[in-house]
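Single-letter residue listing:
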Amino acid sequence: MTRLETVAELSGNYEIRRFGAVSKGKDGYAEAETWSRAVSFGFHESTRTPEHVAKSLATYESDGRVLTGAYQTGQVAPGSLPADVPVATFATFRKTLNIGFGRTLESQLVTSVTVRTSHRRRGLLRRMMSEDLRLAREDGIAVAALTASEGTIYGRFGYGVASFERTVKVDTTARFSLQHQATGSVEVADPKALLELAPAVFDRVHRLTPGSIGRQEWYRQLVSGSLGHEGKEDPAVKVALHYGPGGDVDGYVSYKFLGWDKEPYTVEVVDLLAATNDAYLELWQYLGAVDLVERVSWEEAPVDDPLAWALTDPRCIDSSDSRDMLWLRILDAPKALAARHYPADGKLVLDLRDPLGLTAGTYALAVEGGQAAAERLPDNTPADLTLGVSALSSIYLGGVCPVTLAAAGKICENASGAALKARQMFAVERATHCLTHF
Ligand SMILES: CC(C)(COP(=O)(O)OP(=O)(O)OC[C@H]1O[C@@H](n2cnc3c(N)ncnc32)[C@H](O)[C@@H]1OP(=O)(O)O)[C@@H](O)C(=O)NCCC(=O)NCCS
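Residues numbered from 1 in each chain as written. Predicted model: local features only at pLDDT ≥ 70, side-chain atom pairs only at ≥ 80, totals over all residues.

Observations regarding the confidence of the model for the protein chain
Counting all residues, the mean pLDDT for the protein chain is 95, and 97% of those residues have values of 70 or more. Below a pLDDT of 50 lies the segment residues 1–11, which in the model reaches 23 contacts outside its immediate sequence neighbourhood of four places, other chains included. (pLDDT = per-residue confidence, 0-100. Contact = placed C-beta atoms within 7 Å.)

Here's what the structure looks like:
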């Protein structure tokens, strides 16, 4: 990838540099490697081995990641980290987002956000974020997305929670029984088979699932046990494939047994993908049948989960922790609104506020016969709903209810019934769920 130029100077004390991720042996590797170590420091990871960093950067390169760093320009304190170690980091790459009914939209994905403790609250995050979102919008990108370590950081930049996930612990003792007649079959496979198969299965799941984000290169390595979180092969990973009635692989589960010293004996799901409803239930039938195991845990389970309804005893699921997952940020409202399919006709005038001024304005969203048009109106036009871009981003994928946001004071309903109309118009065909962490 071509190296990008330094793009900004900050208040004389910091310089912001952007450059492409490159793999070992290429020009710019040393800078990318130092950047990568600063990210590990920011997330309290132990120092990564040079091999781990090299593997990570190779996958970043294939995803076309752009790395941003803030560097000290003045004298650094004697004995402290040198000036080539960034005091703040930020990275982006682009993947498609499923916006419902099989439509996808190219999105700016933001990740690796850290600011060194000794340089925090000096506006570094604000500067990197504002500038990056502006550049993405100028580049024709209509939405940005991220996952957040804390709930208080990103609303101020116009992001809103758009999807949720939860941790489940499923009791797979004799209580576990699924009311489902299998139409396909499940077979154990060499985990490495997923290096080939996982992207094709994911592609099908991605097209089916509102809120799904295209996956980075690293995923097929993770799910096949080729590159675990520790930067090495993970021999504990096991894989079962689901075959549909025609014999095609339409789902898989990648999982690990957590060992004999953990009671109840537990299998942890690394990844579970199913491109059909039957594949989903049959993979759970498989997990429920694994001998010598009393529990299956999954940290990325859907909140609205068919499993709960298919179980004879839905209380087999212990769901301890439901949390926000995808945060979305609309950068170009008319473009994003026109890109969606709406299952209900109607017209809504939106008075949209934007703290970064990227897409504020009054817009008419008109849907007739399934065809959507979004146009900017004069600013004083009476609006049905007044809302921040963060609230519009929350309801955009159909995973958050506008009526609830109105009740919370996040949407002001100027015309009676407009929030319910928005709920009907922004509905999606199945539960919003994002299975890709980044
Ligand atoms: C979160 C973090 C990136 C913020 O960086 P920063 O440079 O200190 O942020 P800024 O100085 O640009 O602050 C921007 C705004 O966000 C606010 N803010 C920043 N971090 C915040 C937090 N954790 N909680 C609440 N508000 C926060 C600031 O008060 C400021 O508000 P204002 O502009 O309205 O005055 C930094 O604290 C950090 O590295 N944390 C550890 C790693 C992490 O959590 N990264 C996020 C991964 S998703």
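Re the environment of F157
Tracing the sequence through the fold places F157 in the loop between β6 (143–146) and β7 (160–161). The buried category is assigned to F157, around which 23 C-beta atoms lie within 10 Å. Setting aside residues no more than four positions away along its own chain, F157 makes contact with M129, R329, P355 and L356. (Helix = DSSP H or I, 4+ residues; strand = E, 2+ residues; numbered from the N terminus. Buried ≥ 20, exposed ≤ 12 C-beta atoms within 10 Å, placed from the backbone.)

Let's talk about the site of the ligand
Contacts to the ligand come from 17 residues, most closely from V115, R120, L125, R126 and S149. Counting only elements with at least two residues in the shell around the ligand, the list comes to β5 (104–115) and α3 (124–138). Tallied by class, the residues present in the shell around the ligand amount to 6 nonpolar, 5 polar and 6 charged. (Near = placed C-beta within 6 Å. Nonpolar A, V, L, I, M, F, W, Y, C, P; charged D, E, K, R; others polar.)

What to know about the sheet that holds strand β13 (residues 295–301)
The strand order across the open sheet built from 7 strands is β9-β10-β11-β12-β13-β8-β14, with neighbouring strands paired in mixed fashion. Where the open sheet ends on each side, the last strands, each with one partner, are β9 (185–189) and β14 (317–324). The sheet shows a mean angle of 25° between the axes of neighbouring strands, direction not considered. Against the sheet, helix α4 (residues 193–208) contacts β9, β10 (238–243), β11 (249–257) and β12 (266–274), and its axis sits at roughly 120° relative to β11. Contacts from helix α6 (residues 277–289) reach β9, β10, β11, β12 and β13 within the one sheet, and its direction differs from that of β11 by about 30°. (Pairing = 2+ DSSP bridges. Axes fitted to C-alpha atoms, helices over the stretch in contact; angles between N-to-C directions.)

Some words on the domain arrangement of the protein chain
With domains assigned, the protein chain is organised as domain 1 (6–141), domain 2 (165–323) and domain 3 (333–425). Each of domain 2 and domain 3 was reduced to a C-alpha centroid, and the two centroids are 36 Å apart. (Domains from an automatic or database assignment.)

What to know about helix α2 (residues 50–62)
Its 13 residues give α2 an end-to-end C-alpha distance of 19 Å, which sits within 8% of 18 Å, the value for a rise of 1.5 Å per residue. All of the buried residues along α2 are V53, K55, S56, L57 and Y60. Buried residues in α2 make contact with α1 (29–42). Just beyond α2, the residue with positive phi is G64, at close to 70°. (Expected span 1.5 Å × (residues − 1).)

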